[in-house]
Amino acid sequence: MNDKAPSLAPAPGDGKRGTHGYLGYLLRQAATAHRQRMEKALSGLGLTAPQFTVMTMVEAYPGLSGADLARLALVTPQTVSVILANLERADLVRRTPHAVHGRILEVVLTEAGRALLVDARARVHALEPDLQANLPPEAEDAVRRWLVAVAQLAP
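Below: a short report on this structure. (Residues numbered from 1 in each chain as written. Predicted model: local features only at pLDDT ≥ 70, side-chain atom pairs only at ≥ 80, totals over all residues. Heavy atoms only, no water.)

1. What to know about a nonpolar patch on the surface
No. 1: Nonpolar side chains collect at one region of the surface, where Leu23, Leu27, Val143, Trp146 and Leu147 lie side by side and expose about 430 Å² of accessible area between them.
No. 2: Only α1 (23-43) and α7 (137-151) provide two or more residues apiece to the nonpolar patch.
No. 3: Broken down by element, the nonpolar patch gets its largest block of residues, 3 residues, from α7.
No. 4: Here Trp146 is to be found in helix α7.
No. 5: A relative accessible area of 38% means that Trp146 is categorised as partly exposed. (Patch = residues over 30% accessible without salt bridge, like charges linked within 9 Å, V, L, I, M, F, W, Y side chains within 5 Å. Areas by Shrake-Rupley, 256 points an atom, 1.4 Å probe, with all protein chains shown as cover. Salt bridge = Lys/Arg side-chain N within 4 Å of Asp/Glu carboxyl O. Helix = DSSP H or I, 4+ residues; strand = E, 2+ residues; numbered from the N terminus. Buried < 20%, exposed > 50% of the residue type's maximum accessible area, 1.4 Å probe, protein only.)

2. Some points on the nonpolar core
No. 1: Core analysis: the largest hydrophobic core is formed by 27 residues, its most contacted members being Leu47, Phe52, Val54, Leu69 and Leu87.
No. 2: Breaking this core down by element, the ones donating at least two residues are α1, α2 (49-60), α3 (66-73), α4 (77-89), β2 (105-109) and α5 (111-125).
No. 3: Ranked by residues supplied to this core, first place goes to α2 with 6 residues.
No. 4: The residues contacting Leu69, other than those within four sequence positions of it, are Val54, Met57, Val58, Leu64, Val80, Leu84 and Val107. (Core = buried A, V, L, I, M, F, W, Y, C linked by side-chain atoms within 4.5 Å. Contact = heavy atoms within 4.5 Å.)

Right under this line is the structure:
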């Protein structure tokens, strides 16, 4: 017996969740759906999407501070601090005092962190074809430019 009442909320693509919805809402809806897919892809590795993002940024931009990592990972400095503590506890990153600015801790991936990131990146990159499936190649460049322009509107 199913006591659960049917939802009255429209499905993605219907009503205001479709092409007539507000762009900001549609952008958030798409980002949330992609994040859920990332979380599912990474779950077998015991890694969250924000942890994956932080590890990716640590590898891409060595020597960043926690504040810089927070900006790049789109999380608060407090959240990145918790993420780094958990990654460090799992021996995936190491934090060491900066050579010049001793109060700043530089973050680097450990060998285990690099190996896990290779697996995680393969899983996340495998999601890209689905994102591109209904996007003609000539439109992809325009969408990428638009997304960057929207991000640059931030205060």
